[in-house]
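# Tertiary structure, described
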Amino acid sequence: MLDRLAGKAFYCFLDGYSGYNQIVIAPEEHEKKTFSCPYGTYAFRRMPFGLCNAPTTFQHCMLAIFSDMVEEFLEVFMDDFYMSEETFDSCLGSLAKVLKRYEEADLVLNWEKCHFMVNEGTVCWSKTKDQS
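Small disclaimer: the values here were computed from a predicted structure and weren't measured. (Residues numbered from 1 in each chain as written. Predicted model: local features only at pLDDT ≥ 70, side-chain atom pairs only at ≥ 80, totals over all residues. Heavy atoms only, no water.)

As enumerated under the stated definition, the model contains ten aromatic pairs in all. Here the aromatic rings of Tyr11 and Phe13 are separated by 6.0 Å at their centres, their planes lie at 20°, and the arrangement is stacked. Tyr11 sits in the buried class, given a relative accessible area of 1%. Here the aromatic rings of Phe66 and Tyr102 are separated by 5.6 Å at their centres, their planes lie at 40°, and the arrangement is tilted. A residue pair is termed long-range when its members are at least 10 positions apart, and Phe66 in the loop between helix H2 (54–65) and strand S4 (74–77) and Tyr102 in helix H3 (residues 88–104) qualify at 36 residues. For Phe66, a relative accessible area of 0% corresponds to the buried category. (Phe/Tyr/Trp six-rings, centres within 6.5 Å; stacked < 30°, edge-to-face > 60°. Buried < 20%, exposed > 50% of the residue type's maximum accessible area, 1.4 Å probe, protein only. Helix = DSSP H or I, 4+ residues; strand = E, 2+ residues; numbered from the N terminus.)

See the structure below:
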């Protein structure tokens, strides 16, 4: 993933808001996610943090939603999305595609943690920068 991102001129870093909680649990699965508390029982309707399969399920969902973009100009690691392009115009066009897909999938971004059209940034704790 880092090799595909490195050395590009423009980057966009997108952060999903409340990652796992954006994944709806199918109604027929609610009883499997039920727990007891002093006031009765509670069943999650959205995937909570802490389920043993939550990270895998979430990553699978994100890769399925963005499958035609991944490894072309987009990399996905959990709720972090990394875009890289050679030109400003191509980066802007790719960003428009990603944001449209985000909207179609009814996903939400944490705008405070997003960075658009930058020349360098941190990816999975490794710094990327134009190598020229």
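What follows concerns the environment of Tyr102. Here Tyr102 falls in the buried class, since its relative accessible area comes to 4%. Taking the C-alpha atoms as reference points, Tyr102 and Ala6, separated by 96 residues in sequence, lie 24 Å from one another.

For Glu71, which is not glycine, the phi torsion reads 70° and is therefore positive. Position of Glu71 relative to the elements: it lies in the loop between H2 and S4. Even without being glycine, Asp106 reaches a positive phi, approximately 60°. Taking relative accessible area as the criterion, Asp106 reaches 62% and is therefore assigned exposed.

We now examine the UniProt feature "domain: Reverse transcriptase" (unreviewed entry) in the protein chain. Mapped onto this numbering, the UniProt entry annotates "domain: Reverse transcriptase" (unreviewed entry) at residues 3–118. Helix and strand shares over residues 3–118 are 28% and 24% respectively, and the end C-alpha atoms of the span are 18 Å apart. (UniProt positions renumbered as here; feature names shortened; annotations may be inferred.)

Core analysis: the largest hydrophobic core is formed by 27 residues, its most contacted members being Leu14, Met62, Phe66, Leu74, Phe81, Met83 and Val98. Of all the secondary-structure elements, those providing two or more residues to this core are strand S1 (10–15), H2, S4, strand S5 (80–85) and H3. A per-element tally of this core places H3 first, with four residues. Setting aside chain neighbours within four positions, we find Met62 in contact with Ile23, Val76, Met78, Phe81 and Leu107. (Core = buried A, V, L, I, M, F, W, Y, C linked by side-chain atoms within 4.5 Å. Contact = heavy atoms within 4.5 Å.)

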